[in-house]
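Structural characterization, general
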Amino acid sequence: PYSLTIDRKALSSEKAVVSVRVVSKSAPAAPAPAAPPAENRNNRNQPAAVPAPVYAWNDFDFLNLKDDGKMSRAMMLPAGEYDLFVVVKDQSNGDSKQVVKSGMLRKKLSVPDFSKPELMTSSILLGGIDELPAALPANQQRENPYTFGVMKVTPTTTGEFGKTSELALIFWVYGAGNDAITRRPSLTIDYSFYQKNADGTEKYFNKTAPQELNATTL
């Protein structure tokens, strides 16, 4: 899952096209254009057939942007190194005098290999958790990628919490293996909290009781 925040004021209207494309850095070079059919080889103006490029992920949406300009979606990628391209531009309104505004974001994207037989964790989501009465239908899941079964996660983009707010850390553990008898993982997770100082160093200030994930608690 990923979230985008689009500057609504940078566009001409609330209607926008958002394109998300991911290009693998290890993708093989594009094949050479195919030769034209034999009967057309004497025609020098006959263009060679160029194979369509293949992207690791390629998706787009036509959106009516809300005031906050936020959208959430999901992408599926195998492990590897990628270049991520996000293009946002005005939708055409049919007016030949329309000045279409657009912008592009390019970022490096690294997807770890969670299939390895070693203990690993996903990146951490900060936010809140709500329990839904039932899993979302497929037609609603696309616009709610932070919903996993009946667990709905509302991530925070600021990392700020009030003194009376609940701090939720959401992440997945991979490669834990299963106990031969219970067929469940047996993990102990410790949480220690540090304060980041102005000079970049960190100072320990608190911890919680260990979290046990085993046949009894899962």
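Here, every reference points to the structure presented above.
Presented here is an overview of the structure given in this document. Within each chain, residues carry numbers counting from 1 in the order of the written sequence. Side-chain atom pairs in this predicted model are given and counted only at pLDDT of 80 or more, local residue features only at pLDDT of at least 70, and totals for whole chains, interfaces and linings cover all residues. Side-chain numbers come from the whole structure's heavy atoms, not from hydrogens or water.

**Description of the nonpolar core**
The nonpolar side chains of a soluble globular protein tend to be buried with one another. Buried residues of nine kinds, namely Ala, Val, Leu, Ile, Met, Phe, Trp, Tyr and Cys, make up a nonpolar core once their side-chain atoms join them within 4.5 Å. Each residue is placed in one exposure class: buried if its accessible area under a 1.4 Å probe, protein chains only, is under 20% of its type's maximum, exposed if it is over 50%, and partly exposed if it falls in between. In terms of nonpolar packing, the biggest core is built from 17 residues, with Leu4, Ile6, Val18, Val20, Val86 and Val88 touching the most fellow members. Helical segments are the DSSP runs of H or I of at least four residues, strand segments are the runs of E of at least two, and each set is numbered from the N terminus. Secondary-structure elements contributing two or more residues to this core are β1 (2-5), β2 (15-24), β3 (57-64) and β5 (80-90). Dropping the residues within four chain positions of it, isoleucine 6 is found in contact with Leu11, Val18, Leu65, Asp68, Gly69, Met71 and Val88. Counting 5 residues, the second-largest nonpolar core is a separate cluster that includes Leu125, Tyr146, Val153 and Ile170. Here, two residues are considered to be in contact whenever any of their heavy atoms come within 4.5 Å of each other.

**Observations regarding the packing of aromatic side chains**
Working definition: a ring pair exists when centres of Phe, Tyr or Trp rings (six-membered ring for Trp) sit within 6.5 Å. Plane angles under 30 degrees give stacked, over 60 give edge-to-face, the rest tilted. Evaluation of the coordinates by the stated rule reveals 6 aromatic pairs. When the ring of phenylalanine 60 is compared with that of phenylalanine 62, the centres are 5.7 Å apart and the planes differ by 90°; the resulting orientation is edge-to-face. No difference in accessibility class separates phenylalanine 60 from phenylalanine 62, as the two residues are exposed.

**Side note on the sheet that holds strand β10 (residues 151-155)**
Spatially, the 4 strands line up as an open sheet ordered β9-β10-β8-β11, and their pairing is antiparallel. Pairing within the sheet leaves two strands with one partner each, and these edge strands are β9 (147-148) and β11 (168-170). Bridge count for strand β8 (residues 125-131) against β11 is 3 bridges, and the pairing is antiparallel. Across the sheet, leucine 126 pairs through a bridge with leucine 169, a residue of β11. Two strands pair if DSSP finds at least two bridges between them.

**Section: the sheet that holds β5**
Pairing is antiparallel across the open sheet formed by 4 strands, whose spatial order is β3-β2-β5-β6. The open sheet terminates on both sides in strands that have one partner only, identified here as β3 and β6 (102-111). For this sheet, the mean inter-axis angle between neighbouring strands, taken without regard to orientation, is 15°. As defined by bridge partners, β2 adjoins β3 across 8 bridges and the pair is classed as antiparallel. Residue pairing across strands places alanine 16 opposite leucine 63, the latter belonging to β3. The axes used here are C-alpha line fits, helices contributing only the stretch in contact, and every angle between their N-to-C directions lies in the interval 0 to 180 degrees.

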